[in-house]
Amino acid sequence: MSRPTDTIAALATPVGTSAIAVVRVSGPDCMELAKAIFGGPPLPPRIARHSDYRDVNGCLLDDVLVTFFHGPRSYTGEDSLEIASHGNPFIAQSILTDLLARGCRAAEAGEFTRRAFLGGKMDLPQAEAVMDLIHARSERALAAANQQLRGSLGRHLGDLTEGLLLVLARVEAYIDFPDEDLPAEDRRIVLDELSRVLHGTSRLLATHHYGELLRDGIKTVIIGEPNAGKSSLLNRLVGRDRALVSAEPGTTRDFIEERIILGPHCLRLIDTAGLNPTPAALERLGMDKTLERAAEADLFLWVLDATRPLPTLPNSVTGRLTPSNTIVLFNKVDLLTPGNAHAPLPSPTLPTLQISALTGDGLTELTDSVVRLADAFRQGQGDEIIAINSRHADALRRARECLETARQKVAENGAVELLASDLRGALDAFGEIAGKIDNERMLDHLFKTFCIGK
Ligand SMILES: Nc1nc2c(ncn2[C@@H]2O[C@H](COP(=O)(O)OP(=O)(O)O)[C@@H](O)[C@H]2O)c(=O)[nH]1
Ligand SMILES: [Mg+2]
């Protein structure tokens, strides 16, 4: 991976009117550019200087704050400039146009971070974490991105890789003696270490679900019979009248989805058509959609009308409800009179709350319960939050397959050459996650999803 020879420039802040706009420049020409544009003595690194920005024709564009970063002590690892101008899009654009006229190239999406990765400033999971950090929708997502940015995933992978290298070294020592088996002592050590690496791989893989919840939001489906108050609850949680509420049953026929922030979590809240045991034709269509949503839900809010007898839900739904993914909500408690209690719980193990979507009673408790359930999706990782993405999961699954085959071969005392090739397969998969393996296409694909200027 050779060092780029060109200098790139891009607007690093959103286009539009703002207090300031920042143009970012990175590459070998930065020092020369600074001298040509701002004159005077060389800019001291990492100290912002107030200066006039004059274009190639000597025309004053703005007074700016410019900071020079001397590589490798910069984001990209190269010499860089950050030019903060007044936040008028015309000013930022004219600065950018001038930089291009002076020989810079317009940066592609994610190119600064790609250079940071290629320059060894970060591994690939850290580069991905930059993206996660920018797009985090909740406090928990931010926390996970921050830890990944600090190299948590890379450290775990490093540990697993090291274990595998030890195994490989032990195995390869016997490759030149094809007729000999691995001695019993070596086999035991190899098996132990393989089991440890396999266990670590599975533990990382188990964080994929939590990673999806953090990146997409927790799919939370509101279910219940018609008229129980599902749409009223959605409106309450969203904080505005998003869904139609009506005294007439069966008003919600399509599902409505809204992202909301609940405590430290982001929820994809989905209101559905009521589950009626004897639906009319159009209602049936709505119910089918409800069942589809329910099949892929992470969390259920089951709304019951506290003043009515308990309804029955289809088995396909009840079969999915567990104490760790469901909260039963007895709604309309404002209508309950003393001595007129709601019917007993359908399933005594499911956590239950009494609420009123009308008055807002019980909603604080509801938030607390949702946060508790959502936090429990992050399983046994101690203080460290690991939440891998689909790219990591895909590679880890391949690693796990190779490791399982390898373990089988050791157990069966198979040929060492074949064993070594499985071990290398797993090592490659780990290396792919960390970005240690040259793969232009994967990098193109990954950085394409970044924003320009990042
Ligand atoms: N008194 C009272 N009425 C409610 C409450 N929640 C909903 N309703 C009423 O119940 C009816 C059905 O509500 P809606 O949200 O459309 O129910 P959905 O069919 O489950 O979506 C409407 O007339 C609401 O105003 C509540 O907590 N208390
Ligand atoms: Mg409704």
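Residues numbered from 1 in each chain as written. Chains lettered and ligands numbered in written order. Predicted model: local features only at pLDDT ≥ 70, side-chain atom pairs only at ≥ 80, totals over all residues.

### Side note on the domain arrangement of the protein
Thought 1: Annotation of the protein at the domain level lists domain 1 (8–120), domain 2 (125–207 + 386–435) and domain 3 (218–376).
Thought 2: For domain 1 and domain 2, the distance between their C-alpha centres works out to 41 Å. (Domains from an automatic or database assignment.)

### Brief notes about the packing of helix α13 (residues 390–411) against helix α14 (residues 416–434)
Thought 1: Two elements in contact, α13 and α14, have axes separated by 8 Å at closest approach and are oriented at 160°. Judged on the interaxial angle alone, α14 and α13 are roughly antiparallel. Helix-helix and strand crossings are classified by hand; for α13 and α14 the assignment is left-handed. Judged by residue contacts, His392, Ala395, Leu396, Arg398, Ala399, Cys402, Leu403, Thr405, Ala406, Lys409 and Val410 of α13 engage Leu418, Leu419, Asp422, Leu423, Gly425, Ala426, Ala429, Phe430, Glu432 and Ile433 from α14.
Thought 2: Of the residues in the contact of α13 with α14, the class split is 14 nonpolar, three polar and four charged. (Axes fitted to C-alpha atoms, helices over the stretch in contact; angles between N-to-C directions. Helix = DSSP H or I, 4+ residues; strand = E, 2+ residues; numbered from the N terminus. Parallel < 35°, antiparallel > 145°, perpendicular 65-115°, else oblique. Left-handed = near helix turned anticlockwise from the far one by under 90°. Contact = placed C-beta atoms within 7 Å. Nonpolar A, V, L, I, M, F, W, Y, C, P; charged D, E, K, R; others polar.)

### Here we look at unusual backbone geometry
Negative phi characterises most residues that are not glycine, and trans characterises most peptide bonds.
Thought 1: Following Gly71, the chain continues to Pro72 via a peptide bond in cis, the omega torsion being 5°.
Thought 2: Relative to the elements of secondary structure, Pro72 occurs in the loop between β4 (60–69) and β5 (80–86).
Thought 3: One non-glycine residue, Asn227, adopts positive backbone phi at about 75°.
Thought 4: Note that Asn227 resides in the loop between β7 (218–224) and α9 (230–238).
Thought 5: A positive phi angle, close to 65°, is found at Lys332, a residue other than glycine.
Thought 6: A count of 25 C-beta atoms within 10 Å places Lys332 in the buried class. (Buried ≥ 20, exposed ≤ 12 C-beta atoms within 10 Å, placed from the backbone.)

### Overview of the site of ligand 1
Thought 1: Around ligand 1, 21 residues are found, and the nearest of them are Gly229, Lys230, Ser231, Ser232 and Leu358.
Thought 2: Sort the elements by how many residues they give to the shell around ligand 1 and α9 lands first, with three residues.
Thought 3: Residue composition of the shell around ligand 1, by class: seven nonpolar, 11 polar and three charged. (Near = placed C-beta within 6 Å.)

### Focus on the pairing of strand β10 (residues 299–305)
Thought 1: Among the seven residues of β10, seven are classified as buried, and the element is accordingly described as predominantly covered.
Thought 2: Along β10, one buried face is formed by Leu299, Leu301, Val303 and Asp305 and the opposite face, lined by Phe300, Trp302 and Leu304, is buried too.
Thought 3: Note that β7 and β10 share five bridges and pair parallel. Bridging across to β10, Ile223 finds its partner in Trp302. (Pairing = 2+ DSSP bridges.)

### Some remarks on the sheet that holds strand β12 (residues 352–354)
Thought 1: Read across the sheet, six strands follow the order β8-β9-β7-β10-β11-β12 without closing on themselves; strand pairing throughout is mixed. If you trace the sheet from one side to the other, it starts and ends with β8 (256–262) and β12, each paired once. For this sheet, the mean inter-axis angle between neighbouring strands, taken without regard to orientation, is 25°.
Thought 2: Sheet strands in contact with helix α12 (residues 363–376) are β7, β8, β9 (265–271), β10, β11 (326–331) and β12, and its direction is about 170° off that of β11.

### A short note on the sheet that holds β4
Thought 1: With mixed pairing, the six strands of this open sheet are ordered in space as β3-β4-β5-β2-β1-β6. The two strands at the open ends of the sheet, each matched to only one other strand, are β3 (49–54) and β6 (105–106).
Thought 2: With four bridges connecting them, strand β1 (residues 8–11) and strand β2 (residues 20–26) associate as antiparallel partners. Following the sheet pairing, Ala10 is matched in β2 by Arg24.

### Quick notes on the packing of helix α7 (residues 184–205) against α13
If you want to describe how two helices pack, look at the angle between their axes and the distance between the axes.
Thought 1: Contact geometry of α7 with α13 gives a least axis separation of 10 Å together with a crossing angle of 160°. When the interaxial angle is binned, α7 and α13 end up roughly antiparallel. As for the relative orientation of α7 and α13, their crossing is left-handed in sense. Contact residues: Arg187, Val190, Leu191, Leu194, Ser195, Val197, Leu198, Thr201, Ser202, Leu204 and Leu205 in α7; Ala393, Leu396, Arg397, Ala399, Arg400, Leu403, Glu404, Ala406, Arg407, Val410 and Ala411 in α13.

### Examining the nonpolar core
One recurring pattern in soluble globular proteins is that nonpolar side chains are buried together.
Thought 1: Among the nonpolar cores identified, the biggest contains 110 residues, and Ala34, Leu329 and Ala426 are the most heavily contacted of them.
Thought 2: Tallying contributions element by element places α14 first for this core, with eight residues.
Thought 3: Once residues within four sequence positions are removed from consideration, Ala34 is found in contact with Leu43, Val66, Phe68 and Leu81. (Core = buried A, V, L, I, M, F, W, Y, C linked by C-beta atoms within 7 Å.)

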